[in-house]
Amino acid sequence: MSTLSRRRLLQAGAGLVPAIALGARPAMAEAAAAIPTTGVVPAALAGFDTAMKTYIAERDISCAQLAVAKNGKILLARGYGSYLKGSTSTLVQPTSLLRIASLSKSLTAAALARLAQDGKVSLGTKVSSLLGLSTTADPRLANVTLWRLLQHTGGWDRDAAYDPLWYDQTISTSLGVPLPIDHADIMKYVTARKLDFAPGAKYVYSNYGYMLAGRVIEKLSGMSYESYVRQKLLAPVGITRPRLGRSLRAQAFATEAPYESQYTRKSVVDDTGAVVPYPYGGFNMPNQDANGGWVASAVDLVKWGFVFDAPGAVLNQTSISRVFAKPETGVNSGGSWYGLGWHVRNNNVGTLNTWHNGSMPGTFSFLARVQNGVSYCAIFNRREEAGTPDFDAIDPILGKAIGTVKTWPTTDLTSRYF
């Protein structure tokens, strides 16, 4: 999983837009028009639909989704493309499941905010004490709090060293344990090594930090990570579809779309040494759980975003404020920062723009909450790879589409999908 590149900070309704969003070549326009679709697109929001179709055609994406909302109402819900399920061609529905990668982090961070809200923990608590992690290899580990874990200031730098969530073969060999490795193996391996920087010294995106957060949630709640999120965060607002994904295509859920990548990798879900499609066994989905393991639909994620609009059944105002609070360090030159599971920036109307993306082989996703109550989510069954156009372009493309809306519709589609 990754976060948005620095050159793609959210600029809703502003900024340069790639040429594909402004006018496609005739052949590309024909390909876009031929994409099969499901769901509802009000005429007033046709600009979103046109932009998505062009984006999909340009990147040869076979399965995608888009949901758009305003002021707590879902206004557009669309599935794009089709796939074979057995020998049957199946259309992508607005409610089909897709891996969402690092969009999972907003769920994990909210879970710890909720546990703090319920008096189960303080976000200033040391992670090493909560999980019984040894600080022998690096005493600085004792300075990693839950705040620092969730704001990516814990001391792990995947660029300087490695991302242990994608280091299965090495960890297996080092510990002398068979594949697949599990969370305990990853924690044992990483804890025996020094941190890459002093906790709190700087912001560096860390999947490992969020994996640890998942273990804290289990320890504090006495429940599995998945059960806690589904029961305490999603069920109270009527969201039932999201769940943790699985590694192999044969294990896919009934309504889950397939994933595509040009790359292969040795399997990490067994010791056979078999070369497999990267999205199916090239990484271990159960290990990704709290940092990037969920499957969901775009309408699910847009509705999840409503939780942060105002105090409600899941989070109170104190918790919402904590989610979007500035960290001790890491506010970048563009004025944005990483809160708890969201990128955040003040916008030009006195409120906050918040967003995140998700990326793993076979998946790219983007969720944003922007000014004037507008939010949107797009999910795709492949990500940017060698030879493909920039996938981060979805950010300014959807931002530009907001400007095409003359009058926002008022019909709420929420009851159709929930």
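Residues numbered from 1 in each chain as written. Predicted model: local features only at pLDDT ≥ 70, side-chain atom pairs only at ≥ 80, totals over all residues. Heavy atoms only, no water.

1. Observations concerning the side chain of Thr 191
Among the structural elements, Thr 191 can be located in helix α8 (residues 183-191). A distance of 2.7 Å separates a polar atom in the side chain of Thr 191 from the backbone oxygen of Met 187. Contacts of Thr 191, omitting those with residues within four sequence positions, involve Leu 133, Ser 134, Ala 137, Leu 141 and Tyr 208. (Helix = DSSP H or I, 4+ residues; strand = E, 2+ residues; numbered from the N terminus. Polar contact = N/O pair within 3.5 Å; in protein donor to acceptor, adjacent residues only side chain to side chain. Contact = heavy atoms within 4.5 Å.)

2. Brief notes about the environment of Arg 383
Mapped onto the secondary structure, Arg 383 falls in the loop between β14 (374-380) and α14 (394-402). When its relative accessible area of 22% is taken as the criterion, Arg 383 is described as partly exposed. The spacing of Arg 383 and Trp 342 is 41 residues in sequence and 20 Å in space, taken between C-alpha atoms. Those residues in contact with Arg 383, other than ones at most four positions away along the chain, are Ser 359, Met 360, Pro 361, Thr 363, Phe 364, Thr 388 and Phe 391. (Buried < 20%, exposed > 50% of the residue type's maximum accessible area, 1.4 Å probe, protein only.)

3. Quick word on the confidence of the model for the protein
For the protein, the mean per-residue pLDDT works out to 93, and 94% of the residues sit at or above 70. Confidence drops under a pLDDT of 50 for residues 1-24, and excluding neighbours within four residues, the segment shows 76 contacts in the predicted structure. (pLDDT = per-residue confidence, 0-100.)

4. Re the sheet that holds strand β6 (residues 243-244)
Strands in a sheet are paired, the pairing made by backbone hydrogen bonds, and the direction either parallel or antiparallel. Strand order in the open sheet formed by 3 strands is β5-β9-β6, and the pairing between neighbours is antiparallel. In this open sheet, the two strands that pair with only one neighbour each are β5 (98-99) and β6. Where β5 meets strand β9 (residues 294-296), 2 bridges bridge the pair, whose relative direction is antiparallel. By the bridge assignment, Arg 99 is partnered in β9 with Val 295. The strands that helix α10 (residues 225-234) touches are β6 and β9; relative to β9, the one it contacts most, it runs at about 40°. (Pairing = 2+ DSSP bridges. Axes fitted to C-alpha atoms, helices over the stretch in contact; angles between N-to-C directions.)

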